[in-house]
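Each chain, written out:
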Amino acid sequence: MLKQVDEIKVKIEKYPTRCDICHLSDLFDPYTEQCLRCNTTKQALEQQIFSEMDLTNRENSKSQNQTIMVIGIIVVVLNVILCIICVVLSLFI
């Protein structure tokens, strides 16, 4: 039968002997509970994710800059057309 929670007692506590992620003990430090293998992998993955995010941000920024440039060119062309219309109208007045 199942024991009641109040009946369960911890007899002994000890440091872990292996990593909870990779389940290996060769690069695991039980006192700090850090696994060099998993920490290195985690850092590499984080670095890859951040570099991909940075690349995406650069591409988005480049696209936004191109859009702003196109809008600027359109504004300049419209201003030139408006100036030409103003000059033509001033000739008839």
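Below or above, wherever it landed, is the structure these notes cover. These numbers were taken from a predicted model, which means no experiment stands behind them. (Residues numbered from 1 in each chain as written. Predicted model: local features only at pLDDT ≥ 70, side-chain atom pairs only at ≥ 80, totals over all residues. Heavy atoms only, no water.)

### A closer look at the overall build of the chain
Piece 1. In terms of helices and strands, the chain carries 1 helix and 2 strands.
Piece 2. In the chain, the succession of α and β elements from N to C terminus is β-β-α.
Piece 3. For 93 residues, the compact-globule formula gives about 12 Å, and the C-alpha radius of gyration of the chain, at 34 Å, lies well above that figure.
Piece 4. Looking at the chain residue by residue over its 93 residues, the buried ones come to 4%.
Piece 5. Counting 9 positive and 11 negative side-chain charges, the chain places the centres of these two groups 5 Å from one another. (Helix = DSSP H or I, 4+ residues; strand = E, 2+ residues; numbered from the N terminus. Rg over C-alpha atoms; globule rule 2.2 N^0.38 Å. Buried < 20%, exposed > 50% of the residue type's maximum accessible area, 1.4 Å probe, protein only. Lys, Arg positive; Asp, Glu negative; His and termini not counted. Charge placed at Lys NZ, Arg CZ, Asp CG, Glu CD.)

### Details of a nonpolar patch on the surface
Piece 1. Together, M69, V70, I73, I74, V77, L78, I81, I85 and L89 make up an exposed nonpolar region whose accessible area comes to about 840 Å².
Piece 2. By relative accessible area, I74 is classed as partly exposed at 46%. (Patch = residues over 30% accessible without salt bridge, like charges linked within 9 Å, V, L, I, M, F, W, Y side chains within 5 Å. Areas by Shrake-Rupley, 256 points an atom, 1.4 Å probe, with all protein chains shown as cover. Salt bridge = Lys/Arg side-chain N within 4 Å of Asp/Glu carboxyl O.)

Interpretation note: all reported values are geometric properties and have no functional meaning in isolation.
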